[in-house]
Amino acid sequence: MNVRARKAPRREAVTGPGPGAAAPPAPAGLELRGLIKRFGGTEALRGIDLVADRGTFVTVLGPSGSGKTTILRVVAGFLAPDQGEVLIDGRDVTRVPPAARAIGMVFQNYALFPHMTAGDNIAYGLKMRRWPKADRDRRVAEMLELVGLGALGGRLPRELSGGQQQRVAVARALAFQPQLLLMDEPLGALDRELRMRMAVELRRLHHEAAGTTVYVTHDREEALTLSDWIVIMHDGRIDAAGTAEELYTRPRSAFVAGFFGGHNVAEAAMTGVTGARARVAFAGCDMEVACGQPLERADRVGLSIPEEAVSLTPAGAAPARLELSVLDDLYLGNVVRVTLRTAEGVPLRATLPRDARESIRHGGTVTAYLDTTQVTAVPHER
Amino acid sequence: MLGMRRRTRARGWQSTFSGLTGLGLIAPFLIAAGVFIVYPFVELLRTAFGEPDGLGNVTGFFESPAARRTLWTTCLTSLIVTVIVVAVGAVLAWSLRTTRSRLTRMAIGLSVFMPLWMGAVMKIYVFTVLLERFGVVNRTLTSLGVIDEPMRLMRTQFAVVAGMTYQMLPYAVLPLYAVYVTIDLNLVLAAESMGASRARALRDVVAPLALPGLLASTVIVYVICIGYYLTPVLLGGATAPFTASLIADDIFNLFEPAQAAVSSVLLLIVAAVVILGGLRLVGKERMRRALG
């Protein structure tokens, strides 16, 4: 699929002059054209097309083995694609060595030079670019300040904590103001709390650096926190791409719905399809729902049902009334997470307000309403 | 009641034991070291500085031009071999570390381990076959028209260096490989992504991290080299007299145990100086890690 990642509209974009109608379109920060990469007999990338505007924070999300790290390595120049092109700010760099690509890279294990101090690590890229010593020193101090490590420039990596090492790695990658910042699961080695704090930090650094960022992760939460644009990889292909909101509210496929989380993926009978809407029969109710992508007429169809679409009171324009049995309930403090079951035996997870707990009896039945405007029909997958 | 008492251990199992138990456990080793290392060494020193001339034995060694020449040849040839072996070994070990090709890995592995599996005489015989007057090298070069007359390759210093280099290669490759595997290859990629060429990345990142390993293998190779006996005798003959053959001569032909002992002590001193120098350069801690 062909996708263009846009910068998420921000308030200043609305009040200020709109994105230039007269100005010629700026070259994309990163453009990938038909990338194919094989390892031995297996295809790690099977035709990747992607255009990301300059300044976009793009997250490549996918399970392990989906090809997301391969994309990053091809963009960085560590791997040559078998087919296709890589363009950074409009320049074809497919055959350019990594050193000449103006990229900053943050590795999963940071790859800090263990024999150099934090300051020397940050200065290395500047030295390679022949910055004069005075400028280098100034820039290193500036970067240390930016990542909040002011006084620690003289420490060796092993004398720093995991979070501090992570900051050095980011500072090192951003020091020479690369046009493109690549990050390969940079928060994977940190504990959960630190991870969320660093994610916010990375977002700030991305804005201050004003370059394009490609961020690879398998963590949905990180993807949601950070990205303007999320690309979901599946089996060497881009399965879906869009803003977090688009992907969440209208998943294209059962894979996206399942991978992105918060959705039930159920099976239903299709009774008709017209344009972007499908008529389906689910749990004894006929309903009309939106399609995640153009669908062919078929017997079976997948339904993506967000956990919040099920409630105990009618909601939305066309609520469907369901009689469900209660399998399990999980009290999470602010909400209750219940597992229900339709008469056909299809399990349905729902997130309900805390007070709903009183009307739910373990093993009993409950009358619930499904907000069909939130349901999306997706291709049926066996 | 007494008969019913269960047998119990006086103390539970412990992971540490008293100094006395420890001493008892290493006693066999201490005895072996005493018999096979300490006693012969003391005996060696007594012979070297004993009859016929005491300290004069040593000055006697240095007064003999032939003896001086063997010591010089031994040290110089070993140095040449060590430099070549460590340089080639560094490249081979790095290829072994970084290659993804199974074939390359097997080829390097085989060529490095082969000399370890072969006996010394076999290895030397291989070089005789290659280097003799009508051997493989000379015939190939003559038939290609590179040379008109077969060259003299056997019984030269070149033959000794070639033979020793081949035999010593594993001793450089193995410790270097052991150091290389501790180096994260992403470091090289990181340096390249920051604008370094491949060569520059290797110099700035791999070389400093591999330095203890390089020095360790230099020391190991050099110390083993100065003790070589068979290869210089069979491939070099009179052109490359090693101190080891001088020692053998003194013992078995000339019956001069004192001279043999002096030569041995001098070789020991060279080895000790090289090892201590290496330790000083790298630092004890890093050397210990490099040696495993």
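All values derive from a computational prediction rather than experimental measurement.

Student: I would appreciate a short explanation of the domain arrangement of chain A in the present structure.
Tutor: Often, the extent of an interface is quoted as the loss of accessible area upon association of its parts. According to the domain assignment, chain A consists of domain 1 (4–16 + 24–249) and domain 2 (264–378). Look at where the C-alpha atoms of domain 1 of chain A and domain 2 of chain A centre, and you get two points 38 Å apart.

Student: Sorry if this is basic, but what is going on with the sheet that holds strand 9 (residues 212–217) of chain A here?
Tutor: Across a sheet, paired strands are connected by hydrogen bonds in the backbone, their directions being either parallel or antiparallel. Residues and elements named next belong to chain A. Read from one edge of the open sheet, 6 strands run 7-8-9-4-10-11, paired in mixed fashion. The sheet is open, and its two borders are formed by strand 7 (103–106) and strand 11 (237–242), each paired with just one other strand. For this sheet the average axis-to-axis angle between neighbouring strands, irrespective of direction, equals 20 degrees. Two elements, strand 7 and strand 8 (residues 180–184), share 4 bridges in a ladder whose sense is parallel. Counted as the bridge partner of Gly104 is Leu181 from strand 8.

Student: What is the right way to read the interface of chain A and chain B from this model?
Tutor: Contacts between the two partners involve 16 residues from chain A, matched on the other side by 15 residues from chain B. Breaking the side of chain A that touches chain B down by element, the ones donating at least two residues are strand 7 and helix 3 (118–128) of chain A. Looking at which element gives the most residues to the side of chain A that touches chain B, the answer is helix 3 of chain A, with 3 residues. A breakdown of the residues in the side of chain A that touches chain B according to their chemical character gives 12 nonpolar, 3 polar and 1 charged.

Student: Is there a simple way to explain the sheet that holds strand 13 (residues 277–282) of chain A in this structure?
Tutor: Residues and elements named next belong to chain A. Judged by pairing direction, the barrel is mixed, and its 5 strands sit side by side in the order 12-13-14-21-15 before closing back on the first. Each strand of the sheet is rotated relative to its neighbour by a mean of 55 degrees, with strand direction disregarded. Taken together, the 3 bridges between strand 15 (residues 300–306) and strand 21 (residues 376–378) define a ladder with antiparallel strand orientation. Looking at the pairing, Gly302 lines up with Val378 of strand 21.

Student: Explain the environment of A:Phe255 to me, please; I cannot follow it from the model alone.
Tutor: Residues and elements named next belong to chain A. Position of Phe255 relative to the elements: it lies in helix 9 (residues 254–260). C-alpha of Phe255 to C-alpha of Thr373: the two residues are 118 residues apart in sequence and 20 Å apart in space. Excluding anything up to four places from it in sequence, Phe255 contacts His234 and Asp239.

Student: Which parts of the structure should I look at to understand the pairing of strand 10 (residues 229–234) of chain A?
Tutor: One face of the sheet, then the other: side chains in a regular strand alternate in exactly this way. Residues and elements named next belong to chain A. With 5 of 6 residues buried, strand 10 lies mostly within the body of the structure. Bridge count for strand 4 (residues 57–61) against strand 10 is 4 bridges, and the pairing is parallel. Residue Thr59 lies in a different strand from strand 10, and its bridge partner there is Ile230. Examined bridge by bridge, strand 10 and strand 11 share 5 bridges and lie antiparallel to one another. Residue pairing for strand 11: Val231 is matched across the bridge by Ala241. In this structure, the hairpin formed by strand 10 and strand 11 is closed by a connection of 2 residues, where Asp235 is found at a positive phi of approximately 55 degrees.

Student: What should I look at first to understand helix 5 (residues 162–174) of chain A in this one?
Tutor: For an α-helix the count is 3.6 residues per turn, leaving residues at separations of three or four pointing the same way. All names here are of chain A. With 13 residues, helix 5 should cover 18 Å at 1.5 Å per step; its first-to-last C-alpha distance of 19 Å lies within 8% of that length. The element helix 5 is extensively covered by neighbouring structure, given that 10 of its 13 residues are classed as buried. Those residues of helix 5 that sit buried are Gln165, Gln166, Arg167, Val168, Ala169, Val170, Ala171, Arg172, Ala173 and Leu174. Its buried side turned inward, helix 5 meets strand 7, helix 3, helix 4 (133–146), strand 8 and helix 6 (192–209).

Cut-offs used in this document
- Residues numbered from 1 in each chain as written.
- Chains lettered and ligands numbered in written order.
- Predicted model: local features only at pLDDT ≥ 70, side-chain atom pairs only at ≥ 80, totals over all residues.
- Domains from an automatic or database assignment.
- Pairing = 2+ DSSP bridges.
- Helix = DSSP H or I, 4+ residues; strand = E, 2+ residues; numbered from the N terminus.
- Axes fitted to C-alpha atoms, helices over the stretch in contact; angles between N-to-C directions.
- Contact = placed C-beta atoms within 7 Å.
- Nonpolar A, V, L, I, M, F, W, Y, C, P; charged D, E, K, R; others polar.
- Buried ≥ 20, exposed ≤ 12 C-beta atoms within 10 Å, placed from the backbone.
- Expected span 1.5 Å × (residues − 1).

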